[in-house]
Each structure stands twice: as C-alpha cells, then as structure tokens.
2 protein chains.
Amino acid sequence: ALYKGLDSWDEVVGRIRGLHTDTLRKLAAKCEDRFMAGQKGLLRFGTDSWSHFRLTTGKPCCEAGDAVYYTASYAKDPLVDYAIKICRSKVKETQQQFFHSLAVRQSLPIHFNIQQDCGHFLADVPTCLLPPHKEDKEENTKGLKEKAVNTEASSKLEETPTAGSINTSGRLKSRVVVITREVPFQTVADFVHEGVTRHAQNPELYERQVCLLLLQLCSGLEHMKPYHVTHCDIRMENLLLVQSQPGGTCTGIIAAASNATCPARLIISNFSQAKQKSALVTADPGTLRNQSRLAPEIVTATQYRKCDEFQTGILIYELLHRPNPFEETPELKEREYTWADLPLLPVRSLYSQGLQQLARLLLTVNPSERIRMSEARACLQCLLWGPREDLFQALGCSSAGPLSGSTASHREATLQNWLDLKRTLMMIKFAERSLDTACGVSLEDWLCCQYLAFATTDTLSRVVHILQQP
Amino acid sequence: ALYKGLDSWDEVVGRIRGLHTDTLRKLAAKCEDRFMAGQKGLLRFGTDSWSHFRLTTGKPCCEAGDAVYYTASYAKDPLVDYAIKICRSKVKETQQQFFHSLAVRQSLPIHFNIQQDCGHFLADVPTCLLPPHKEDKEENTKGLKEKAVNTEASSKLEETPTAGSINTSGRLKSRVVVITREVPFQTVADFVHEGVTRHAQNPELYERQVCLLLLQLCSGLEHMKPYHVTHCDIRMENLLLVQSQPGGTCTGIIAAASNATCPARLIISNFSQAKQKSALVTADPGTLRNQSRLAPEIVTATQYRKCDEFQTGILIYELLHRPNPFEETPELKEREYTWADLPLLPVRSLYSQGLQQLARLLLTVNPSERIRMSEARACLQCLLWGPREDLFQALGCSSAGPLSGSTASHREATLQNWLDLKRTLMMIKFAERSLDTACGVSLEDWLCCQYLAFATTDTLSRVVHILQQP
C-alpha cells in the first residue's frame, strides 16, 4: 500500500510529508517518555518509607523561595537521587498553605514543568539544615523564639515519623517536608544572577537560554489552563532548574547549564498563592445563578484568569537583567498605560526584539486584549526555531496588512516549503543522534520536535503576524 | 543559504533529496566506525604480550575448516574478548600456508568481512585443546605418530613464547596460533546444518538470512578485487559468524542469530589457497614481456579471476540445503553446460527465484560472461531491499526488451520516487533508533543504509534488468 501511486510525484511528496509529520509526533511522545521516565510511574512514599531516606550531603542543593532542597537517597533504590524539600515557614502557616497547594497540584495531571511530590510529612528538622540567615532574620523581626514545636498528629498528613533520618542532632523544628524526584540545582533567580557577565559577553547565547526557559514556563502554565488553575506567584525564586539528563556532579551541572543552549529543565514550584476556579462552582446551579449577576471582575477566577500572563511579562524584564517596570514606576498601574509607557529592552541579540514584543503583549493593560499563554508559548517557539523575519522580507510579504489572494497563497506555499525542509533537518538530527556515542537526544531537541510536529502553515502565519504587530 | 529559493517547490524537493542522500552516506560511515570500532585502531600483539592471554574456557567457541577458536582475554584489557585461533595442521605445512596467507591478507586494507590478525606465534599447544577426532583420524590415516615437535625458532614469527598460558598441561604440539579481535561463535557450515528445520518451517526468514550472509561474503570478496586477490577456497567451513554487537553469552548468541533477520557478521577466513597477481609481475618489464606471449588462460591470475564468483554460486546451493551441482553431476564440468543443465532450486520464499537467478549468473560456464562480484553484491542488495517485481509490473515496464523514450523516463521517475520514499523511511528508522532504550542500530540497518546511500536510478535499473534476464 505504501508503494501505491509511486508514479505520481505529488502523491509521493504528500506521502513523505505525512511520514515526517507522523514520525515527529511519535518521536515527541517517545522523548516525553524518556525525559519523564521516572515520573510517570506515579511514585508515592508513605510515612513508613520516611526513615529510608538519607541526605547525601549536609549542604542544600538549592535554596528556593519557599523551601530549601537537599539531595537524598532512598535505601530501597539507592542509585536514584531524590530531593527533600524542607519548607521555610513555621508549621502552622506552612501547613495551611501546603494543603492548599497540594489540593491544587493534585487536580493537575503531571507535566514536565510542574513540580510533583512523591510524599510529604511533618518532621522535626534540625535547625542546622534550615538556611540560617533568612530564618533567623524572619524570626528576629517577628520577635519569636522557636521552641521545638511538638509534632502534631495530622489526619491529612497521616502521622509524623519519629525515626526520620533527619532527626539526628541539634535543635529541632517541626517542618513540612516533601519528597520530589526532581533535584533542583538552582533557581531561575540564581541563574539570572550568575548570568550578568554572560549576558554582556555572549548575549546571543544568554538570550536564547532565556527563551528556552520562558518556553518551558509557558508550557507549564498553559497546561494548567484547562483545570482553571492560576499560579499567581510567578517569580524567579519559585522557578527551579533541574538537570534535564541524569548523571553529573552539582558544580558540573551548573557549568554545563550555563554553557548549553538549553540551560536546564524548568520546574514551577510553590503553589501556595494559586487560585483555582472550582469545578463545583460551575456545576452547582444555585451558585451559578448567584454568580451570574456579578460583574466579571468581581468573580475571583475571572479576575485572576490572565494573572500568570502578566507575571510572565514582568519576568521577561527580570530575566534580561532589567527591573520590573511596575516596581520602578509604580504609578504606571494607576492609569491605562500603553505599550509606549513600558521601558524599552536593549537590543542585544536576535531575540531581544521578539522578547520585547512578547513582554508588551503579556503586559497589555486590558486582560481581554492581553495575549493568551498558549499564544505566548507559540511566540517563543517561533523566536527559537520559527521562520525569521528575513524569510518574509525576501518574499515581499512582511507587511502585516491584508494580503491579496495570490500573495497569500504564495506565502502559504513558502511556509509549507520551509516546514518541509525544517522537518527533514529535524529528522536528520534525530537520525544522527542514534549514532552518537552518548546517544543523547537533548531537551532542546525534544522541545523543537514538539514545535515542528504540530506546526501548520496556519499556526506559523498567525504567530508571525502576532510578533509583527506594530 | 539553506533557505534561499524557499519559494520554489522544485528547489526544496531537490534540497531535501540532497540532504537525505548526504545524511545516509554520513550515517553509513558512522555505522562503519561503530561496527568496526575495535578494529580500526590497528592492534598488534608482539611475542611479549603472548603470556598475558588466558583462555576463558577450555571449550572451543568455534571449529572452522583450518583451525579451532577459543575465547580468550588479555590481561591489560580484560573487558574485551579476543579469539585465539589454533591452526589444525602440523607446523611444517601450516607455517608455509600461513606465511602465504599472511602476505596476502596484509596486502589488503581492513574490511568488515575479512579476518584480521592482531598477532601470531608458534606455540606449544596441549593436545587437549585440539579437536581430538579430526586430528586423530587425519593422523591415523597418514599413519604418522605425532612426536611433540620441538618449537622451531622462526625469523618471521619472531620467537616462540615459553610462558604462554596455553602451555600448561598434557602432551604438547607445536602449532601456529593467531590472535583476532572477532570471536566466531560458529561457521556458516554450522549455521546451515542447524537451519534445516528452520528453512522448512520459516523459509522467508531463513532465505532472507542467507541473502544477508551472501551479501556480506560478496562485499568482502569485492573488496579484494582491486588488490588482485582471489580467495579460491570459498566454502562454508572457511566462513565464520561473529556476533555483530558486543555482549551476550555464547548460547544466547546462537539462538539470537538464528532468529534475527541478520544472523551475524560474516568473516572470510583461511587464505591458504588465495592467489594474488603480484604487483611485481606487472611492474617488471622482463616478466611482462614473457607473460605477454602466453594465452590468457595460462596466466594464473587471469585464470583465477572469476574463481570466487563460481564458488559463491555453488555456495548458494549449499546454503539452501542443496548439494553442490558439480559434486552431484561431475560430468557437467566436462562440457559447455548451460543454465538449463543446472538443477532448479525449489521456490520456497520471496527470495528463492532471485537466488536461483543469481546462482545461474555466478555459475555461467564462460568466465567472461560470468557476473562480476560487484554485480552479485548489487543483486543481493536489490533482493533484500530493492524495488520488487510487482512495482515494475504495476507500471507496465517489466519487460526486459528495449523501452520507448517515454516509458523509460516514466520508469526513471518512478524509480526516483521509490528511492526518495525508501530514503525517507530509512531516515525515520535511524531517527527512531535514537530513542530506543538499547539505542541499537543493527547490522542490517547499516547494510541497508549503505545500499540506499549509494543507489541511483541507473544502478537500480541495471540490477533489475540483470535479475530479470530470461
């Protein structure tokens, strides 16, 4: 059947195009299986497994906004690293937030860019394992002395393990402790902080890395939309970086991450501020009737609907070593600002102008005019791997105005050709990877494969149009 | 530059075609590097390394026509297996043959399908390591009693190691011993012997395996042609099978080999009967003048030129469990027999008729009409992966007669389409291999890749024509 119609050139071309598309989709799915290998086998550690965890070192591997992370190993599976997340705040407040964020996260199917917990406990943690400065300062300003809070039996958290490996020495504090498969090596804040000179010396590399991190952030946030979840606290300290391929030492990872085009896997963490429009609200006719009389901006879920988009816009400034425009000029928010009021990002690389445009689209004052997360994701894919401006200029169809019929079809044909060529190149890349000694399909290969597998001339056109808006 | 002319469909198609071809050639070269990894780093063991070899077991891993093979390990590189080849015949005769075959083999650049030695010695070997039956029979019929021949110091073989690991116990016999990287697990004779029921039960698989073995044999023999070497003793006992990928136990290998489409890597061994038209003969004007007056069939090199082709033809019968036609009917050779005089091979699979045709072409009585090794190799590639008869029948161009201009160009276009589609599929196969857990590009992948990388519509046409000769 594959060889039928082999005398028709058009049929053969169509067949090859179909094979390429199908294969890229299959490869994208296989990549997902590989990159999420450990995660898909839904791991759940009960309280009884708690005593089987041992910290690998006494030094945190990452200090995030809401917690410190330690690398740990599990006695029954000693070759796999886990992370133990020790929440910063005191149990009382953490617990509440934690239950909330747990409920929100458990309503989401797993995603490559969203933190997933494999077990959580209330545990007595020696103070030496907590980051001293932040804690002390926080406690001193509050004028409170921690007094080794007795572990409280919690119905939800089952029971407090008393034989935890962490309970070994020093003053103890009760903390919520979470076990995750993904061991972060730094936060995006650390990455940006360390990237100042790199940004100056190699802006092309640095800004491409920023695009790849933003793309992962947008993918994770886009994944939450159908479940009506808004994170509401997208800041650099809540975004963790995890090595995308197993193996390698910690310092080695950081060095490799700063030099590779795709620095690392990004994980969205800290759902304590997350909002969720509960499915119950829409299902219950009574509540529905009451809500139907409220102005849309009053309904919380509606109000927060485009919040993550806005915060992602701010993040673009911060990732490019610029301050948050609304922190710099607080009065901006008081009025109906326009794009012209937003500070300009310096043009340092091929990506700067695209990122500037994306920041504007995400920071648009009117939420209904603000770009959607899925569109932002598509814009980043286009910036990273899409057809460049010069392609359209060369074709004389770069104007954003309405196109005549023949120009439009010419443009469509060119985009299709571009896509065919790109898919061939992607296929070749995968084929060559099969003979690499390391046999390494990289995270960037996967992300690019996702793009090419699902792009169409229509989506390409639409995104180019969005990015070219004056 | 890659994106120039992106508005022209023809250019894009040409570009994609070029990319596919180039990539397949690059992949074929990379495969060669991988499959010949150990071999390319020209290993040479001197007499001093002899004592560092240890037999892994006391049982031979393979009993071939001219030698028995034992798996051995080298103390300085214990993870790699080597084979120790102990020549069957007594030193006196072996030595002479061995020097001859050594000289012949050393004139050939290394090839995947030609045995390569990494060192050779004269050693005292305990009789228990020699295959008892054959030896004893041979010796009894000759009425000779072996009397522990003293090792002779040989200038060419440097010196006899006295501390060899083999010199441990029992009666000793002096033997030529060779070290090779490729550890054979059986000979083609064993494979054929074990394949009788498989041939009956799964003829499609068995006959495809035969094609893959023959293809490798032809590649090796074709490689020798530019160096004017003729093996002259192509028989099943001289063809060794080696696992094509490292790892795996011996019994595992045999089971895997009989079930995989590509049973194993084939290695041409025993060059003791090989003829070489020496470069000196042609270079020396005096000899040249003398030779120029001799009838061509008298000049040895010319006489033997198509000998391997003939023997390969006989091998086709034997591989398909049929006797050598010239052993069955010795009088055939006395007369100018035709194809009609050769026994028919039963049609058991898709490959039977092609193999029958190839056997006829190789057994053609007149050597100048006999098919060349390179053509035989191309026929086998076509049988394995080439366009099938039904493709040509469907196009109405299966007749072997002269074609009209438009039919010919139609046929050419169809072949090009076929090739484009096949190359796309091959590329996809490699791309998918990159995400296999074992990351395994198989020997068959490589062989097929070689074919598609260098095929043109011309070569395709020519081979199909050869195979369709009435």
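The shown structure was predicted, so the numbers you read here are calculated from the model rather than taken from an experiment. (Residues numbered from 1 in each chain as written. Chains lettered and ligands numbered in written order. Predicted model: local features only at pLDDT ≥ 70, side-chain atom pairs only at ≥ 80, totals over all residues. Heavy atoms only, no water.)

Q: How would you summarise the overall build of chain A if you had to cite specific residues and measurements?
A: Each helix and strand in chain A was counted, giving 19 helices and 11 strands. In chain A, which comprises 470 residues, the proportion classed as buried is 51%. For chain A, the share of sequence-separated contacts (at least 6 apart) that also reach a separation of at least 24 residues comes to 77%. By element, 53% of the accessible surface of chain A is carried by carbon and sulfur atoms, the whole surface being about 21,600 Å². (Helix = DSSP H or I, 4+ residues; strand = E, 2+ residues; numbered from the N terminus. Buried < 20%, exposed > 50% of the residue type's maximum accessible area, 1.4 Å probe, protein only. Contact = heavy atoms within 4.5 Å. Areas by Shrake-Rupley, 256 points an atom, 1.4 Å probe, with all protein chains shown as cover.)

Q: Could you give an account of the interface of chain A and chain B, with specific residues and numbers?
A: The interface is formed by 41 residues belonging to chain A together with 41 residues belonging to chain B. Overall, the association of chain A and chain B removes approximately 3,800 Å² of surface from exposure, summing both partners, and the carbon and sulfur fraction of that is 71%. For the pair chain A and chain B, the interface holds 2 salt bridges. Between K26(A) and E432(B) there is a salt bridge; the shortest N-O distance is 3.1 Å. In this structure, the connection of chain A to chain B is made through 3 residue pairs in polar contact (both at pLDDT 80 or more). Broken down by secondary-structure element, the contributors of at least two residues to the side of chain A that touches chain B are α1 (9-35) and α17 (405-433) of chain A. Tallying contributions element by element places α17(A) first for the side of chain A that touches chain B, with 15 residues. (Buried area = accessible area lost by both parts, 1.4 Å probe. Salt bridge = Lys/Arg side-chain N within 4 Å of Asp/Glu carboxyl O. Polar contact = N/O pair within 3.5 Å; in protein donor to acceptor, adjacent residues only side chain to side chain.)

Q: Can you explain the sheet that holds strand β7 (residues 184-187) of chain B? Please cite residues and give values.
A: Residue and element names in this part refer to chain B. The sheet built from 3 strands is open, its strands ordered β7-β9-β10 with antiparallel pairing. Each edge of the open sheet carries a strand with a single partner, namely β7 and β10 (265-268). Strand-to-strand twist of the sheet, defined as the mean angle between neighbouring strand axes without regard to direction, takes the value 35°. Inspection of the sheet shows strand β9 (residues 239-242) paired to β10 by 4 bridges, in the antiparallel sense. Its bridge partner being in β10, L240 is matched across the sheet by I267. Against the sheet, helix α7 (residues 203-224) contacts β9 and β10, and its axis sits at roughly 40° relative to β10. (Pairing = 2+ DSSP bridges. Axes fitted to C-alpha atoms, helices over the stretch in contact; angles between N-to-C directions.)

Q: Describe the relation of the copies chain A and chain B, with residues and values.
A: Overlaying chain A on chain B yields an RMSD of 0.0 Å, the required transformation being a rotation through 180° with an accompanying axial translation of 0.0 Å. Viewed as a symmetry operation, the transformation between the two copies matches a two-fold axis. Comparing interface residues between copies, 100% of those in chain A also sit at the interface in chain B, which points to an isologous, same-surface contact. (Least-squares fit on C-alpha atoms with pLDDT ≥ 70 in both.)

Q: Quick rundown of unusual backbone geometry? Include the residues and the values.
A: The backbone of N270(A) sits at a positive phi, close to 55°, despite the residue not being glycine. Secondary-structure assignment places N270(A) in the loop between β10 (265-268) and β11 (275-276). Assessed through its relative accessible area of 10%, N270(A) is described here as buried. Unlike most non-glycine residues, H228(B) shows phi in positive territory, near 55°. Inspection of the secondary structure assignment puts H228(B) in the loop between α7 and β8 (229-230).

Q: Could you give an account of the environment of S174(A), naming the residues involved and the relevant values?
A: Residue and element names in this part refer to chain A. With respect to the helices and strands, S174 occurs in strand β6 (residues 172-180). The exposure class of S174 is buried, given its relative accessible area of 2%. In this structure the C-alpha to C-alpha distance between S174 and T21, which are 153 residues apart in sequence, comes to 53 Å.

Q: Explain helix α18 (residues 443-454) of chain A to me, and be specific about the residues and the numbers.
A: All names here are of chain A. In this model, α18 (12 residues) spans 17 Å end to end at C-alpha, consistent with the 16 Å of a helix rising 1.5 Å per residue. With respect to burial, α18 is a largely interior element, 10 of its 12 residues being buried. Taken residue by residue, α18 has L443, E444, D445, W446, L447, C448, C449, Y451, L452 and A453 as its buried positions. Those residues of α18 hidden inside the fold are in contact with α1, α7 (203-224), β10, α15 (373-385), α17 and α19 (457-467). (Expected span 1.5 Å × (residues − 1).)

Q: Before we move on, can you summarise the sheet that holds β10(A) with the specific residues and values?
A: All names here are of chain A. Here we have 3 strands laid out as an open sheet, ordered β7-β9-β10, and antiparallel in their pairing. Strands with a single pairing partner mark the edges of an open sheet, and in this sheet they are β7 (184-187) and β10. Put simply, the sheet's adjacent strands are angled 35° from each other on average, direction ignored.

Q: An account of the confidence of the model for chain A is needed here, citing residue identities and associated values.
A: All names here are of chain A. In this model, chain A carries an average pLDDT of 81, and 77% of its residues clear a pLDDT of 70 or more. Summarising per-element confidence for chain A, the mean pLDDT is lowest in helix α4 (residues 132-142) (44) and highest in α7 (97). In this model residues 134-168 is a low-confidence stretch, pLDDT under 50, and it forms 64 contacts with partners more than four residues away in sequence or in other chains. (pLDDT = per-residue confidence, 0-100.)

Q: How would you explain the pairing of strand β5 (residues 120-126) of chain A if you had to name every residue and give the values?
A: Among the 7 residues that make up β5(A), 7 are buried, leaving the element largely enclosed by the rest of the structure. Along β5(A), one buried face is formed by H120(A), L122(A), D124(A) and P126(A) and the opposite face, lined by F121(A), A123(A) and V125(A), is buried too.

Q: Give me the lowdown on the pattern of salt bridges, citing residues and values where you can.
A: All names here are of chain A. On inspection of all chains with the given rule, the structure shows 28 salt bridges over all chains. Of the charged contacts in the structure, one is a salt bridge between R44 and D117, with a shortest N-O distance of 3.1 Å. Here R44, found in the loop between α2 (37-40) and β1 (53-55), pairs with D117, found in the loop between α3 (91-106) and β5; they are 73 residues apart in sequence, far enough to count as distant. When its relative accessible area of 46% is taken as the criterion, R44 is described as partly exposed. Close ionic contact of K429 with D445 constitutes a salt bridge, the shortest N to O distance being 3.8 Å. Taken together, the positions of K429 in helix α17 and D445 in helix α18 put the pair 16 residues apart, joining distant regions of the chain. When its relative accessible area of 38% is taken as the criterion, K429 is described as partly exposed.

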